[in-house]
Amino acid sequence: MPQTGNLPTHEPALTLGHHILAWAERFIVQPDGEHAGTPWRFTDEQRHFIKWLYALNPDGTWVYTEATLRRAKGFGKTPLLAAIAIIEFIGPCRWTGVVKTAKNGTRIAVGASVRLPLVQLAATSLDQTAQTMDMIRAMLAESPAEREYDIDISKTLIQFKGNRPGKITPVTSSTRGNEGARPSMVVCDESHHWVDSTGGPSFYQTLQRNTNKTLSQGSRCIQTTNAFDPNENSVAQTTHEAVLNGNPFILYDCREAPPNIDLKDPDAVRAGLVEAYGDSWWAPIDQLVSVIVYGNNAAHDYRFYLNNIAESADGWMSKVEWDACVSHEDPIRPGDKIAIGFDGSLFNDSTAIVGCRLRDGRLFTLGVWEKPEKAAADWEVDVLAVEAAINTTFETYDVAWAYCDPPHWQEAIGRWSLAYGDDRVFEFWTSKATRMVNATERFRTAVTTRDLTHSDETKLTRHVLNAVRREVPQGDLIRKDSPKSKRKIDLAVAAILAYEARADAIADGRLTQKRRRVVGFG
């Protein structure tokens, strides 16, 4: 997959990025590896991110007042974060109002350093800030910047020699005096660890309040993160959901592998890693392929190496398991005795109808209505089309049992019950945890034991593989990877209901019962 965040593909019309990139590659050095001590160099992707991070509106304000860099483990997030901290400490990171034009026609906004640079390295523990601080120290030690700017480099503090104010310092959620500070930049590392149990969300709100006080002077926050666990409600998740919800002021850089890669397929894993790591030429792709293919920690591998969120939170169904149930023999035919599952919505979620043949548990899609990618804000499910699909289903197949989730559709389900028989159309409240847990577990077991089949329909497969496990006291349910996620699971829910309806129909003796004549009401 290409960039999945909101990072524009084109270059900004006005940015301090050009000046900053030239400055950084002159004054700071490579911190480690075989090139340690040589001039620092950004990759093309890092350069593009920097240009947009420092993009300017015509009035000199930032285009983005907050930024997140979500990339795979080993992409180089920490060195880039360290470079940005140094830039904010001594680099030309505030616009002077001057714009020069390069020979190639590029407009270059000219920057100056912050008069009182107070850069905070924020984390939920001091140990978490240590890696970034070590990287900063290595990028400054014996560098042109150390000599030019007369910098005092200590283990826990970067400051100027003499009496000049300004510093780079670590802060944590337990640090006294966080409220009321006036940082010029806050760099937040590994925000997927910023969860309630560590005080992360409230800490981040404090940091935002602090930078907002001097927002007109250019103060802001930047995060780096791996793909988060949607069960943890981290700061990384909250920020991601804000972007999905249309917040235009958060720059979100994310490159990830296609979802639901078969982790036992070396070629698929390699292609996913190459996509996720982009131009990070140092990434050990060959070694990571072996780690993933021969490992047994799918959730970890999806999150940290492939940068996928959906599978990070204990993906409900693996592609290998689902694909093992694919069969193209004995297709569904008109007149087959089936059960159906209906999961309805009216606005943002999808509406789905899935059938399940009684004699062999074969699943198939009877209808799905998904909100289009660029739909208007007032988009609604086509209720008449759903009604027509239900009518066609009962006319085409011998429907023995139907389970329908009632929210938003109780009146319609009542009419279907009158039309087709209240001994065939039933409400099934998916919100009732115990009943839904049992149905979900039976479906999951049927997949792992191959007691059901499907023809690998694109949308049904996508919805099933999008689902993530949600643990409740009664057992496991399924849900989307996050409340605002565009990765729908409604066909998966409908499939669970259809399979459960099949089981109850068989238990009631419907497998051998002849269909009785039903009179419909128009």
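What you see is a predicted model, and the numbers here were worked out from it, not measured in a lab.

Trainee: Please provide a residue-by-residue account of the sheet that holds strand 6 (residues 158-160), values included.
Mentor: If you walk across this open sheet you meet the 8 strands as 5-6-7-4-8-9-1-10, and the pairing is mixed. Looking at strand neighbours, the two that pair on one side only are strand 5 (151-153) and strand 10 (250-254), the edges of this open sheet. Averaged over all adjacent pairs, the angle separating strand axes in this sheet is 20°, with direction ignored. Bridge analysis of strand 4 (residues 118-123) against strand 8 (residues 185-188) gives 4 bridges, and the strand direction is parallel. From the neighbouring strand, Val-119 faces strand 8, where its bridge partner is Met-185.

Trainee: Could you give an account of the environment of Leu-21, naming the residues involved and the relevant values?
Mentor: Its place among the elements puts Leu-21 in helix 1 (residues 17-27). C-alpha of Leu-21 to C-alpha of Lys-51: the two residues are 30 residues apart in sequence and 8.4 Å apart in space. The residues contacting Leu-21, other than those within four sequence positions of it, are Phe-42, Arg-47, Ile-50 and Lys-51.

Trainee: Give me helix 9 (residues 285-293): which residues, what numbers.
Mentor: For helix 9, the full list of buried residues reads Ile-285, Leu-288, Val-289, Ile-292 and Val-293. Viewed along the axis of helix 9, the buried residues span an arc of 125°, placing them on a single side of the element. Looking at the buried residues of helix 9, the elements they touch are helix 8 (266-277) and helix 10 (298-304).

Trainee: Describe the pairing of strand 2 (residues 94-101), and please don't skip the residues or the numbers.
Mentor: Looking along a regular strand, one sees side chains alternate from face to face of the sheet. Pairing analysis gives 5 bridges linking strand 2 to strand 3 (residues 107-112), with the strands arranged antiparallel. Note that in strand 3 the partner of Thr-101 across the bridge is Arg-107. Counting the residues between successive antiparallel strands, the hairpin from strand 2 to strand 3 contains 5 residues, one of them, Gly-105, with a positive phi of roughly 95°.

Trainee: Give me the lowdown on the sheet that holds strand 11 (residues 337-343), citing residues and values where you can.
Mentor: One open sheet holds the 5 strands; their spatial order is 13-12-11-14-15, and the pairing between them is mixed. The sheet terminates laterally at strand 13 (363-369) and strand 15 (425-427), the two strands that pair on one side only. Each adjacent strand pair in this sheet contributes to an overall mean axis angle of 15°, direction not counted. Pairing between strand 14 (residues 398-405) and strand 15: 3 bridges, direction parallel.

Trainee: Which residues make up the confidence of the model for the chain, and what values go with them?
Mentor: When the pLDDT values of the chain are averaged, the result is 90; 96% of them are 70 or greater. Every residue in residues 517-522 is under pLDDT 50, and counting partners more than four places away or in other chains gives 7 contacts.

Trainee: Can you break down the packing of aromatic side chains residue by residue, with the values?
Mentor: Considering all chains together, one arrives at 22 aromatic pairs under this definition. When the ring of Phe-394 is compared with that of Tyr-420, the centres are 4.0 Å apart and the planes differ by 10°; the resulting orientation is stacked. Here Phe-394 is found in helix 12 (residues 383-396), whereas its partner Tyr-420 is found in helix 13 (residues 410-420), with 26 residues between them in sequence. Taking relative accessible area as the criterion, Phe-394 reaches 3% and is therefore assigned buried. Overall, Tyr-420 belongs to the buried group, its relative accessible area being 11%. An aromatic cluster is defined as three or more aromatic residues linked by ring pairs; in this entry it consists of Trp-316, Trp-322, Phe-443 and Tyr-499. Over the ring of Tyr-54 we find Arg-220, and its NZ or CZ is 5.2 Å from the ring centre.

Trainee: Requested: an account of the pairing of strand 12 (residues 351-357), with residues and values cited.
Mentor: Where burial is concerned, most of strand 12 is hidden: 7 out of the 7 residues are buried. The alternating pattern of strand 12 places Thr-351, Ile-353, Gly-355 and Arg-357 and Ala-352, Val-354 and Cys-356 on opposite faces, both of which are buried. Direction of pairing for strand 11 relative to strand 12: antiparallel, over a ladder of 6 bridges. Bridge pairing in strand 12 links Asp-343 to Ala-352. Here strand 12 pairs with strand 13 via 6 bridges, running antiparallel. Bridge pairing in strand 13 places Gly-355 opposite Phe-364. Taking the residues that link successive antiparallel strands as the turn, the strand 12-strand 13 hairpin has 5 residues, and the phi of Gly-361 there is positive, at about 75°.

Trainee: Residues and numbers for the pattern of salt bridges, please.
Mentor: This model, assessed by the stated rule, comprises 24 salt bridges. With its nearest N and O atoms 2.8 Å apart, the salt bridge here joins Arg-359 to Asp-330. Taken as a pair, Arg-359 in the loop between strand 12 and strand 13 and Asp-330 in the loop between helix 11 (319-323) and strand 11 lie far apart in primary sequence, 29 residues in all. On the basis of relative accessibility, which here comes to 32%, the residue Asp-330 falls in the partly exposed class. Within the structure, one salt-bridge network assembled from shared partners comprises Asp-330, Arg-333, Asp-336, Arg-357, Arg-359 and Asp-360.

Trainee: Describe in detail the packing of helix 1 against helix 3 (residues 77-90), supporting the description with residues and values.
Mentor: Packing of helix 1 against helix 3 brings their axes to within 11 Å, and their N-to-C directions diverge by 100°. With respect to each other, helix 1 and helix 3 are oriented roughly perpendicular. Between helix 1 and helix 3, the contacting residues are Ile-20, Trp-23 and Ala-24 on the first element and Ile-86, Ile-87 and Ile-90 on the second. Split by residue class, the contact of helix 1 with helix 3 holds 6 nonpolar, no polar and no charged.

Trainee: Break down the nonpolar core for me, citing the residues and quoting the values.
Mentor: Formed by 52 residues in total, the largest nonpolar core has its most connected members in Phe-49, Tyr-54, Ile-136 and Ile-222. Breaking this core down by element, the ones donating at least two residues are helix 1, helix 2 (44-53), strand 1 (66-70), helix 3, strand 4, helix 4 (126-140), strand 6 and strand 8. Top contributing element to this core by residue count: helix 3, with 10 residues. Those residues in contact with Phe-49, other than ones at most four positions away along the chain, are Leu-7, Ala-67, Thr-68, Leu-69, Leu-80, Ile-84, Ile-222, Leu-251 and Asp-253. By size, the runner-up hydrophobic cluster in this structure holds 41 residues, among which are Ala-352, Phe-443, Val-464 and Ala-494.

Reading the values: rules and limits
Residues numbered from 1 in each chain as written. Predicted model: local features only at pLDDT ≥ 70, side-chain atom pairs only at ≥ 80, totals over all residues. Heavy atoms only, no water. Pairing = 2+ DSSP bridges. Helix = DSSP H or I, 4+ residues; strand = E, 2+ residues; numbered from the N terminus. Axes fitted to C-alpha atoms, helices over the stretch in contact; angles between N-to-C directions. Contact = heavy atoms within 4.5 Å. Buried < 20%, exposed > 50% of the residue type's maximum accessible area, 1.4 Å probe, protein only. Arc of directions from axis to C-beta. pLDDT = per-residue confidence, 0-100. Phe/Tyr/Trp six-rings, centres within 6.5 Å; stacked < 30°, edge-to-face > 60°. Lys NZ or Arg CZ within 6 Å of the ring centre and 35° of its normal. Salt bridge = Lys/Arg side-chain N within 4 Å of Asp/Glu carboxyl O. Parallel < 35°, antiparallel > 145°, perpendicular 65-115°, else oblique. Nonpolar A, V, L, I, M, F, W, Y, C, P; charged D, E, K, R; others polar. Core = buried A, V, L, I, M, F, W, Y, C linked by side-chain atoms within 4.5 Å.

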